[in-house]
Amino acid sequence: MAEELQAEIPDGRVVKAFNLNRACTWGTEKIVFDGYPLSIPIAGDDRAAKTVVAELVTGIGCTPIDFGGLEGHLEPGSVRSRAGPAAARGMRPVRGPGADG
């Protein structure tokens, strides 16, 4: 759907995030599992827009993971989304301006 939205609004800055988490995840006080903050995969074709979303993700105590461009990466049921935490291995955390690393 994000790919379709981007096609309809070519000058828009579309970032896909939060679509792989169940609603009940957000009802918890702390989004931490086994001592680790929840990783939120994000995908988009605009690096600056992904940085803004990454800052939002970090602001709620989660870890943003860059899954690349929009094309098919974060569809529920896709191979990458089913892989869960293992899919994040080797993926780069998104860092905003002035962040270490």
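Details of the structure are given in the entry above.
So, how was this worked out
- Residues numbered from 1 in each chain as written.
- Predicted model: local features only at pLDDT ≥ 70, side-chain atom pairs only at ≥ 80, totals over all residues.
- Heavy atoms only, no water.
- Salt bridge = Lys/Arg side-chain N within 4 Å of Asp/Glu carboxyl O.
- Helix = DSSP H or I, 4+ residues; strand = E, 2+ residues; numbered from the N terminus.
- Buried < 20%, exposed > 50% of the residue type's maximum accessible area, 1.4 Å probe, protein only.
- Core = buried A, V, L, I, M, F, W, Y, C linked by side-chain atoms within 4.5 Å.
- Contact = heavy atoms within 4.5 Å.
- Expected span 1.5 Å × (residues − 1).
- Pairing = 2+ DSSP bridges.
- Right-handed = clockwise from strand over helix to strand, strands pointing away.

Peer 1: What is the right way to look at the pattern of salt bridges in this model?
Peer 2: For side chains of opposite charge, pairing can occur when their charged atoms come near one another. The tally for this structure, following the rule as stated, stands at three salt bridges. Where D66 meets R47, a salt bridge forms, and the shortest distance between an N and an O atom there is 2.8 Å. With D66 in strand β5 (residues 63-66) and R47 in helix α2 (residues 47-59), this residue pair connects regions lying 19 residues apart in the sequence. Among the salt bridges present, the one from K50 reaches D66, with a minimum N-O distance of 2.8 Å. Placement of K50 in helix α2 and of D66 in strand β5 is noted, with a sequence separation of 16 residues between them. Here the two residues K50 and D66 agree in accessibility, since each one is buried. Salt bridges sharing partners connect three or more residues here, namely R47, K50 and D66.

Peer 1: What exactly am I supposed to notice about the environment of E4 here?
Peer 2: Relative to the assigned elements, E4 resides in helix α1 (residues 2-8). The exposed category is assigned to E4, whose relative accessible area is 58%. In sequence terms E4 and L70 are 66 residues apart; their C-alpha atoms lie 9.8 Å from each other.

Peer 1: Explain the nonpolar core to me, please; I cannot follow it from the model alone.
Peer 2: As a rule of thumb, soluble globular proteins bury nonpolar side chains together. Ranked by size, the top nonpolar core spans nine residues in total: A17, I31, L38, I40, I42, V53, A54, V57 and C62. No other element matches the three residues that α2 contributes to this core. With near-sequence residues (within four places) excluded, V57 lies in contact with F18, I40, I42, C62, T63 and P64.

Peer 1: How should the environment of T25 be read in this particular structure?
Peer 2: The residue T25 is located in the loop between β1 (15-17) and β2 (32-33) in this model. Of the residues examined, T25 reaches a relative accessible area of 13% and is grouped as buried. For the pair T25 and L38, spaced 13 residues apart in sequence, the C-alpha to C-alpha distance is 9.4 Å. Here T25 is in contact with I31, F33 and L38, once residues within four sequence places are set aside.

Peer 1: Please explain α2 as it appears in this structure.
Peer 2: An α-helical turn contains 3.6 residues, so a residue and the one three or four places further along point in the same direction. Its 13 residues place the ends of α2 18 Å apart at the C-alpha level, agreeing with the 18 Å of an ideal helix rising 1.5 Å per residue. Every buried residue belonging to α2 is among A49, K50, T51, V53, A54 and V57, and all of these are buried. Close packing links the buried residues of α2 with β1, β4 (39-44) and β5. In the stretch just after α2, G61 is the one whose phi turns positive, near 90 degrees.

Peer 1: Any chance you could explain the pairing of β5 here in plain terms?
Peer 2: In regular strands, side chains alternate between the two faces of the sheet. Where β4 meets β5, four bridges bridge the pair, whose relative direction is parallel. The residue of β5 that forms the bridge with I40 is P64. You can see the chain leave β4, run along α2 and come back into β5, and the turn it takes is right-handed.

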